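Residue-level structural notes
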Amino acid sequence: MATRFDPLFDQWADTYDQTVSGHDEEYKAVFEDYDRILTSVAERTVGTVLEFGVGTGNLTEKLLARGHRVYGVEPSKKMRKKAKEKVPSIILLEGDFLHFPPVDEPIHTVTSTYAFHHLTDAEKSEAIRRYSELLPVNGKIVFADTVFETEGARQEIMEKVKRQGYEKLLEDLQTEYYTTIAVLKQLFREHNFHQVTFSRFNQFVWLFEAVKQ
C-alpha cells in the first residue's frame, strides 16, 4: 500500500486545495462542507494525535489550532512538501496507514480525512488492529471518508454519477476500495472498538468515531 497511490498524489499536490475548495465541478459534491467536516474531526479529537494522509495539512492546521500535538504521516513527497510550507511546525513522517515510524510518546487519537478508502477491507482490518494495539483504553479513531450505507446505496450513487457524465469520479468509485458502514462496524468490533458512531455530512462522506474498550 505504501507506494500504490504516490504518483497520483504527487500529481495532485499543486491543485489539491483548489479541488477541496469546490473548484472542480466533478468532485464538488464529494468535498461539500469540507471545512465543517475537518472542523468536526478536530472537535472530536483528544490528546496527542497520529494523523494519516496529511495531504497539504488542512486538518493538521485545525488540530494544532486546538492545542493538539500532532504526528502527521504522509506517503507523497510532494504533499509532504506542501504541508511543510503551509504548517512549518508540523511533525511530518513518511509512511502510510500500515507502514509508519514508531512515535515515542502515547497516542490518544488516530485521525484521517478522505484517505481510508485507499485500503482494501483486509488492509482496513489490519490498520484498525494496529491502532487498537497503539491506543490506550478510551483512545479514539476519528475518520471522515466516503462510505456507503449499503451496497445498494453505492450502486445508486454510481448510476447518478454516470448520468451526470462525471467519468473521473465514476472511475474512482469503481476502482477505489470504498466500503459500507456494516463492514466498518464489524471491523471495529473485531478489534476492541465497541462504541462506534457514524454521522453523515454529504452524499458521499461520513464521519466515523470509534472508542477503544
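Residues numbered from 1 in each chain as written. Predicted model: local features only at pLDDT ≥ 70, side-chain atom pairs only at ≥ 80, totals over all residues. Heavy atoms only, no water.

Take the overall build of the protein next. Secondary structure summary: the protein contains nine helices and seven strands in total. Computed over its C-alpha atoms, the radius of gyration of the protein comes to 16 Å, within 12% of the 17 Å expected for a compact globule of 213 residues. Along the three orthogonal principal directions, the C-alpha set of the protein runs to about 50 × 40 × 30 Å. Looking at the protein as a whole, 52% of its 213 residues are labelled buried. Surface accessibility of the protein: about 10000 Å² in total, with carbon and sulfur atoms responsible for 48%. (Helix = DSSP H or I, 4+ residues; strand = E, 2+ residues; numbered from the N terminus. Rg over C-alpha atoms; globule rule 2.2 N^0.38 Å. Buried < 20%, exposed > 50% of the residue type's maximum accessible area, 1.4 Å probe, protein only. Areas by Shrake-Rupley, 256 points an atom, 1.4 Å probe, with all protein chains shown as cover.)

Between helix α7 (residues 151–164) and helix α8 (residues 167–175), whose axes approach to 9 Å, the crossing angle comes to 155°. Classified by the angle between their axes, α7 and α8 sit roughly antiparallel to one another. Crossing hand, α7 versus α8: left-handed. Together, Ile-157, Met-158, Val-161 and Lys-162 of α7 and Leu-169, Leu-170, Leu-173 and Gln-174 of α8 make up the contact between the two elements. Of the residues that constitute the contact of α7 with α8, the class distribution is six nonpolar, one polar and one charged. (Axes fitted to C-alpha atoms, helices over the stretch in contact; angles between N-to-C directions. Parallel < 35°, antiparallel > 145°, perpendicular 65-115°, else oblique. Left-handed = near helix turned anticlockwise from the far one by under 90°. Contact = heavy atoms within 4.5 Å. Nonpolar A, V, L, I, M, F, W, Y, C, P; charged D, E, K, R; others polar.)

So, about the UniProt feature "domain: Methyltransferase" (unreviewed entry) in the protein. The UniProt record marks residues 49–139 with the feature "domain: Methyltransferase" (unreviewed entry), using the residue numbering of this structure. The span residues 49–139 is 35% helix and 20% strand, and its two end C-alpha atoms sit 10 Å from each other. (UniProt positions renumbered as here; feature names shortened; annotations may be inferred.)

Take the environment of Asp-35 next. Here Asp-35 is to be found in helix α3 (residues 34–43). When its relative accessible area of 47% is taken as the criterion, Asp-35 is described as partly exposed. Put simply, Asp-35 and Leu-59 are 24 residues apart on the chain and 8.9 Å apart in space, counted from C-alpha to C-alpha.

A separate point is the environment of Glu-123. Mapped onto the fold, Glu-123 is located in helix α6 (residues 121–134). Among the residues examined, Glu-123 registers a relative accessible area of 16% and is labelled buried. It is 25 Å that separates the C-alpha atoms of Glu-123 and Gln-203, two residues lying 80 residues apart in sequence.

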